[in-house]
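# Analysis of the macromolecular model
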Amino acid sequence: MTASSIDHTAEDVSPPATLTPDEALAIAEQLRPQLLADQADTELRTTYSPAMHEQFRQAGFYRLLQPVRYGGYAFDMPSFLAVMESVARGCMSTGWCLCLGASHALLVASLWPKEVQDVVFADGHVVIPSTARPGGAARRTENGDWVLNTTHPYSSGSPYSTHYIGQAFELDQQSGAPAQQMLFIAPRDSYEVLDDWGRTLGLKGSGSNTIVLRDAHLPREFVLENTMQVDLHCTNTSPGFELHGDPMHLAPGQGFFGLDLATLFIGGAFGALDEYELLMRERKTAGDAGRAPAARLFNADYQRWYGLATARLNSSRAIVRSAAEQWTAICDRAARGGQPFTTEEDAMINMMSREATRLAWSAAQDILFRTAGSSAAVNGERMERSFRNLAQAWSHVNMVIEDSMARDWSKAHLALGTEAD
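Residues numbered from 1 in each chain as written. Predicted model: local features only at pLDDT ≥ 70, side-chain atom pairs only at ≥ 80, totals over all residues. Heavy atoms only, no water.

On to the overall build of the protein, then. The number of helices and strands found in the protein is 14 helices and seven strands. Relative to the 2.2 N^0.38 estimate, which gives 22 Å for 421 residues, the radius of gyration of the protein is 22 Å and therefore close to what a compact globule would have. Based on the C-alpha atoms only, the size of the protein along its principal axes is roughly 85 × 55 × 45 Å. For the protein, the residues scored as buried account for 53% of the 421 residues in total. Summarising the internal contacts of the protein: among those between residues at least 6 apart in sequence, 74% fall at separations of at least 24. As displayed, the protein offers around 18100 Å² of accessible surface, 52% of which is attributable to carbon and sulfur atoms. When the 34 positive and 50 negative side-chain charges of the protein are each reduced to one mean point, those points stand 7 Å apart. (Helix = DSSP H or I, 4+ residues; strand = E, 2+ residues; numbered from the N terminus. Rg over C-alpha atoms; globule rule 2.2 N^0.38 Å. Buried < 20%, exposed > 50% of the residue type's maximum accessible area, 1.4 Å probe, protein only. Contact = heavy atoms within 4.5 Å. Areas by Shrake-Rupley, 256 points an atom, 1.4 Å probe, with all protein chains shown as cover. Lys, Arg positive; Asp, Glu negative; His and termini not counted. Charge placed at Lys NZ, Arg CZ, Asp CG, Glu CD.)

Here it is, written out as structure tokens:
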């Protein structure tokens with residue numbers, strides 16, 4: 001079965017009315033053995049199974065960032081990230097698909113007016129993938145609504161999606177050049193999910209299919225004009241803050257996006273650490289200098305490597321948690337009428353998240369994969385899959401833009417203006 005042909009029919013079992021972060025984290029940890037056992041099938045399917053989707057739905061995992069007004073739990077950012085890290089530790093592909101489908105409920109609840117939120121969150125269940133790169137043209141109709149013809153690759157979370165958030169250009173009718181960029185939200189019946197995922201090196205099960213809108217008609221209120229998802233300039237209020245009173249709805253998008261990706265990466269790297277420990281307990285050293293092979297568990301080198309990798313991963317997790325706490329504190333400051341969340345602060349949280357990712361990558365690449373042995377790199381081995389997933393995530397565009405973001409942050413922080421190269 002392919003991702004685009006999945007039966008979305010769900011049993012009539014509602015998520016719990018209330019859910020605490022500790023309860024959600026306990027559920028994620030209980031699911032970890034199943035997530036691990038399903039990894040190979042998840043890759044073949046290119047997303048997690050309908051049964052796992054149903055478990056996520058019944059557990060309320062799609063509602064973690066959804067406002068209480070619409071049946072959600074409105075978790076704080078550190079709590080949300082802890083649950084997503086735990087899922088990714090069992091299966092990084094599954095965590096990637098789940099997190100990037102569940103997290104954009106925060107974006108909808110922050111930016112769109114109540115009339116749109118009432119429609120999007122009508123039945124309490126939303127899965128909303130998104131990509132920031134504009135996918136094509138939007139044409140304004142005579143009555144002010146919009147018609148979109150756009151294509152959006154790498155839409156992680158799309159197989160079980162109920163809506164899609166994307167960017168488009170309105171084109172100048174005379175020159176054909178982009179006149180403005182806009183952010184839109186489209187319901188599931190307005191787009192097609194292509195069966196085109198699974199050919200990458202890693203994250204084959206992340207459900208990052210291409211979404212296509214063909215002559216899709218959207219009401220004007222579903223389109224936010226002159227709005228860029230990753231370049232939001234917030235004030236002390238927003239439609240979401242006015243409606244829900246939650247300070248989280250006062251944040252721009254770069255920092256949160258970086259926190260998401262770093263958390264998934266760290267979860268995947270901890271999964272590799274789990275496998276490394278299992279290999280230490282089950283396998284022997286190669287033996288050298290006339291010494292017979294011995295259990296890795298009692299070998300001083302493996303003990304040192306395991307300890308160093310654990311320290312690096314714990315450090316990377318600590319960076320993300322600190323950045324998430326800073327993100328929360330800045331939102332609270334803005335909610336109290338203090339300085340709004342600045343672009344400079346948003347970029348720094350994104351950069352901190354990226355450095356946490358770099359530290360986790362060094363643990364996985366320099367220590368765990370290097371010393372796990374060639375037998376752990378055989379196709380289908382957990383360490384082999386972990387390395388492929390982490391390598392794929394390491395090539396994400398968020399890692400590529402670090403130089404330009406660092407330059408822009410420095411110019412802003414040092415008040416250099418735009419003239420410095």
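All right, on to the packing of aromatic side chains then. Counted according to the given criterion, the structure contains 17 aromatic pairs. Consider the rings of Trp361 and Trp394, whose centres lie 5.5 Å apart with planes at 15°: the pair is stacked. Within this pair, whereas Trp361 is found in helix α11 (residues 343–372), its partner Trp394 is found in helix α12 (residues 382–394), the two being separated by 33 residues in sequence. Overall, the relative accessible area of 9% leaves Trp361 in the buried class. (Phe/Tyr/Trp six-rings, centres within 6.5 Å; stacked < 30°, edge-to-face > 60°.)

You can see Pro239 is positioned in helix α8 (residues 239–244). Taking C-alpha positions, Pro239 is 6.1 Å from Ser110, a pair spaced 129 residues apart along the chain. Contact partners of Pro239, with chain neighbours within four places excluded, come to Ser110, Leu111, Trp112 and Pro113.

This brings us to the sheet that holds strand β2 (residues 146–156). Within a sheet, each strand pairs with its neighbour through backbone hydrogen bonds, oriented either parallel or antiparallel. Across the sheet, seven strands lie side by side as β5-β6-β2-β1-β3-β4-β7; this open sheet has mixed pairing. Because the sheet does not close on itself, it has two edges, and the strands there are β5 (192–193) and β7 (223–224). Here strand β1 (residues 136–140) runs beside β2; their pairing, made up of five bridges, is antiparallel. By the bridge assignment, Arg140 is partnered in β2 with Trp146. (Pairing = 2+ DSSP bridges.)

This part covers the pairing of strand β4 (residues 178–187). With seven of ten residues buried, β4 lies mostly within the body of the structure. Hairpin connection of strand β3 (residues 163–171) to β4: six residues between the antiparallel strands, including Gly176 at a positive phi of 80°. Here β4 pairs with β7 via two bridges, running antiparallel. Paired with Phe184 across the two strands is Val223, which belongs to β7.

With that settled, consider the pattern of salt bridges. Considering all chains together, one arrives at 17 salt bridges under this definition. Between Glu381 and Arg283 there is a salt bridge; the shortest N-O distance is 3.8 Å. Taken together, the positions of Glu381 in the loop between α11 and α12 and Arg283 in the loop between α9 (254–282) and α10 (300–335) put the pair 98 residues apart, joining distant regions of the chain. The exposure class of Arg283 is partly exposed, given its relative accessible area of 24%. Several salt bridges converge on common partners, so that one network encompasses Glu43, Glu384, Arg385 and Arg388. (Salt bridge = Lys/Arg side-chain N within 4 Å of Asp/Glu carboxyl O.)

Evaluation of the coordinates by the stated rule reveals zero disulfides. Looking at Cys91, it has no disulfide partner, and the nearest cysteine sulfur is the one in Cys97, 9.6 Å off. Here Cys99 stays unpaired: no disulfide links it, and the sulfur of Cys97, its closest cysteine neighbor, is 10 Å away. (Disulfide = S-S within 2.5 Å.)

In this model, the largest pocket occupies a volume close to 870 Å³. What lines the largest pocket is a set of 32 residues, and nearest its centre among them are Thr131, Ala132, Tyr154, His396 and Val397. Looking at the lining of the largest pocket, the elements with two or more residues in it are α5 (92–102), β2, α9, α12 and α13 (397–400). No other element matches the five residues that β2 contributes to the lining of the largest pocket. Residues belonging to the lining of the largest pocket are distributed by class as follows: 14 nonpolar, 17 polar and one charged. (1 Å grid on protein atoms, 1.4 Å probe; cavity = no way out; pocket = protein on both sides within 12 Å on 5 of 7 lines; lining within 4 Å. Points joined across faces, edges and corners; volume = space filled by probe spheres on them. Nonpolar A, V, L, I, M, F, W, Y, C, P; charged D, E, K, R; others polar.)

What follows concerns the nonpolar core. In a soluble, globular protein the nonpolar side chains are often hidden away together inside. Judged by nonpolar contacts, the single largest core of 76 residues is most densely connected at Phe56, Phe61, Leu64, Met77, Phe80, Leu259 and Trp327. Listed by contribution, the elements that provide at least two residues to this core are α1 (21–37), α3 (50–59), α4 (77–90), α5, α9, α10, α11 and α12. For this core, the element with the most residues is α9, which contributes 14 residues. With residues up to four places along the chain from it excluded, the contact list for Trp327 reads Met77, Leu106, Met248, Ala251, Phe256, Leu259, Phe341 and Ile349. With 33 residues, the next largest nonpolar core counts Leu107, Trp112, Ala168 and Tyr191 among its residues. (Core = buried A, V, L, I, M, F, W, Y, C linked by side-chain atoms within 4.5 Å.)

As a further point, take the side chain of Asn350. Note that Asn350 resides in helix α11. A polar contact of 2.6 Å, which involves the side chain of Asn350, links it to the side chain of Arg354. Other than its neighbours up to four places away in sequence, Asn350 contacts Gln254, Gly255, Gly258, Asn398 and Met405. (Polar contact = N/O pair within 3.5 Å; in protein donor to acceptor, adjacent residues only side chain to side chain.)

So, on to the environment of Val127. The topology assignment puts Val127 in the loop between α7 (114–120) and β1. With 37 residues separating them in the primary sequence, Val127 and Tyr164 have C-alpha atoms 8.2 Å apart. Discounting residues that sit within four places of it in the chain, Val127 has contacts with Tyr62, Gly101, Gly157, Tyr160, Ser161, Thr162 and His163.

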